[in-house]
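These are the residues of each chain, in order.
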Amino acid sequence: MLDSAVIEVRAGNGGHGIVSFIREAMLPRGGPGGGDGGRGGDIVLVADSSINTLTKFHWQPHFMAKNGGPGDGHNRRGANGESVEVNVPIGTEVWIWEDGEDIELIGDLTRSGQRMIVAEGGRGGWGNTHFVSASHQEPLLAEAGELGEIRRVRLNLKLLADIGLIGMPNAGKSSILTAISAARPKVADYPFTTLEPVLGVVEHGPQAFVAVDIPGLIEGAHQGVGLGDEFLKHVQRTRVLVHVVDGSEDDIVGRIETINNEITQFDPGLARRPQILVVNKLDLEDVSVLLDEIKENLKGVKGLHSETFFVSAATHEGLDQLKQTMFHMLQSANQELELGAVLETDEEIPVLRPKPRVSTDVVKREAGGVLRIVHQKAVRLARGSNLETWEARVQFHRRLEQLKVTKALRDAGIETGDTVVVGDWEFDWD
């Protein structure tokens, strides 16, 4: 169970450039003065450490930025469209989502404050000032604004919790999570009662943290045995591990070493994660009587980073002290993480930008032999210019030659009388 949500993001379109001329008494020569359109707003994802889940995106799956404003006379540029910032939890992966499946991973927000432009706003169109040349002192062409990117993406949260409860089946992880939080995982006296990770918010005074109950692990879990390595991935980004063992079982030390060996083979970094050992079922006479012997046997266990806690999920004995230690170890782990990030670099966190999908097509032949010009600059010129006048059409055709669109039409086998479509304008080739 990875927390995920599919959202649709629409960046703003660029504003249109305009055709305009300056005619003033103090400027007798006048000249073109059409301003450029403003840039469309972006959709920006921002990693936020105060958010733990993607729940809000199930209620708000659509995000739309503002369009750029059109240009104005006297070379005045249009206003840029306002961008939209969307806060997501740290640890959010961003996948291109098409036809109900992941296509490509385009970003992974792993640091607080990290930003990703998930949909880029369109560039504003040029006004006619940009098309002045020696042979065209009065250009009649302007560009329409570039369309903003539209994407469907799946947000995939790998960071499920701050603290992960690990251990063998029936060690009491679910019972402990139930006792210290409002979570209600399935609890029963047979193995693998927890079939997917269960989240619980643990309150500690005015603050809180998120704990996750990881389904029971057994020997060979890193290779997919039992419930497999699928659930080991859920603890990769937790900051503290709570290792729960059943105090009434034989060979407690062997069980601890088996689980630690599994997480080490799956990801060596997990073995270096702060780990609290919890011996559960203190309410059972078998455990309470052998308490001193269990403590003695645990002295040589490696991989632990705190004192051992003896608790009873049934009677809640020892759980308050356990919660306090979990909170303090989590605070220390967070401070080390933030310090490491500061020491890692003094530079600003770079903004992630997915590579745009750029089409290299210039001309496409459609049904009925119609040739459609799909070269983006040519399309934007057709959309932004008034091609009803012959002067504008002459300038437009010369521009097609400069963009090598005319050559592409000839290479496609165009003949006199063939229909050509560009944007909303249709004409016969001659």
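Every value quoted in this text rests on a predicted model; they were computed, and no experiment measured them.

Student: Lay out unusual backbone geometry in plain terms, naming residues and giving numbers.
Tutor: A positive phi is found at D251, a non-glycine position, where the angle reads about 50 degrees. If you trace the backbone, D251 turns up in the loop between β14 (240–246) and α3 (252–266). Given the relative accessible area of 55%, D251 is considered exposed. With a phi angle near 65 degrees, K404 is a residue other than glycine that sits in the positive phi range. Tracing the backbone through its elements, the reader meets K404 in the loop between α9 (390–402) and α10 (405–411). Among the residues examined, K404 registers a relative accessible area of 60% and is labelled exposed.

Student: Describe the pairing of strand β15 (residues 275–280), listing the residues and the values that go with them.
Tutor: Taken across its six residues, β15 has six buried, putting it largely inside the fold. The pairing of β14 with β15 spans six bridges and is classified as parallel. The residue bridging D246 from the neighbouring strand is N280, located in β15.

Student: Outline the layout of surface pockets, listing residues and values.
Tutor: Roughly 860 Å³ of volume is contained in the second largest pocket. Every residue lining the second largest pocket is counted, 32 residues in all, and those nearest its centre are E146, L147, E149, R357 and Q376. Secondary-structure elements contributing two or more residues to the lining of the second largest pocket are β7 (92–98), β10 (150–157), β18 (371–373) and α8 (376–384). With four residues, α8 is the single largest residue contributor to the lining of the second largest pocket. For the lining of the second largest pocket, the per-class residue count stands at nine nonpolar, nine polar and 14 charged.

Student: I'd like to hear about the nonpolar core, residue by residue, with values.
Tutor: Residues I163, I176, V242, I276, V278, L322 and M326 are the most contacted members of the largest nonpolar core, which totals 25 residues. Of all the secondary-structure elements, those providing two or more residues to this core are β11 (163–166), α2 (173–180), β12 (198–204), β13 (207–213), β14, β15 and α7 (319–344). Looking at this core element by element, the count peaks at seven residues for α7. Each residue touching I163, except ones within four places of it in the same chain, is listed here: F209, V210, A211, V212, T238, V240, V242, M326 and L330.

Student: I'd like to hear about the packing of α8 against α9, residue by residue, with values.
Tutor: Two packed helices can be described by the angle between their axes and the distance between those axes. Where α8 meets α9, the axes come as close as 10 Å, and the angle between the chain directions of the two elements is 170 degrees. It follows that α8 is roughly antiparallel to α9 by the angle criterion. Counted together, A378, L381 and A382 of α8 and F396, R399 and L400 of α9 form the full contact between these two elements.

Student: An account of the pairing of β10 is requested, with residue identities and associated values reported.
Tutor: Within β10, six of the eight residues are buried, which leaves the element mostly enclosed by the surrounding structure. The sheet contact formed by strand β1 (residues 3–10) and β10 spans eight bridges and is antiparallel. Bridging across to β10, E8 finds its partner in R152. Judged from the five bridges that link them, β7 and β10 form a sheet pairing that is antiparallel. Across the sheet, residue W95 finds its bridge partner in β10, namely R154.

Student: Explain α2 residue by residue, including any values.
Tutor: Considered for burial, the residues of α2 that qualify are K173, S174, I176, L177 and I180. The buried residues of α2 all sit within an arc of 160 degrees when viewed along its axis, so they share a single face.

Student: Break down the sheet that holds β10 for me, with residues and values.
Tutor: Here five strands make up an open sheet; going across it, the order is β5-β1-β10-β7-β8 and the pairing mixed. Of all the strands in the sheet, the pair left with one neighbour each is β5 (62–64) and β8 (101–109). The sheet shows a mean angle of 30 degrees between the axes of neighbouring strands, taken without regard to direction. Both β1 and β5 contribute to a ladder of three bridges, which runs parallel. Looking at β5, one finds that E8 is bridged to H62.

Student: Run through the sheet that holds strand β19 (residues 419–422), naming residues and quoting values.
Tutor: Strand order in the open sheet formed by four strands is β17-β18-β19-β20, with mixed pairing between adjacent strands. Lying at the two open borders of the sheet, with one neighbouring strand each, are β17 (363–365) and β20 (425–428). With strand direction ignored, the average angle separating the axes of adjacent strands in the sheet is 25 degrees. Its contacts with the sheet put α9 on β18, β19 and β20, and the angle it makes with β20 is roughly 85 degrees.

Rules and cut-offs
Residues numbered from 1 in each chain as written. Predicted model: local features only at pLDDT ≥ 70, side-chain atom pairs only at ≥ 80, totals over all residues. Heavy atoms only, no water. Helix = DSSP H or I, 4+ residues; strand = E, 2+ residues; numbered from the N terminus. Buried < 20%, exposed > 50% of the residue type's maximum accessible area, 1.4 Å probe, protein only. Pairing = 2+ DSSP bridges. 1 Å grid on protein atoms, 1.4 Å probe; cavity = no way out; pocket = protein on both sides within 12 Å on 5 of 7 lines; lining within 4 Å. Points joined across faces, edges and corners; volume = space filled by probe spheres on them. Nonpolar A, V, L, I, M, F, W, Y, C, P; charged D, E, K, R; others polar. Core = buried A, V, L, I, M, F, W, Y, C linked by side-chain atoms within 4.5 Å. Contact = heavy atoms within 4.5 Å. Axes fitted to C-alpha atoms, helices over the stretch in contact; angles between N-to-C directions. Parallel < 35°, antiparallel > 145°, perpendicular 65-115°, else oblique. Arc of directions from axis to C-beta.

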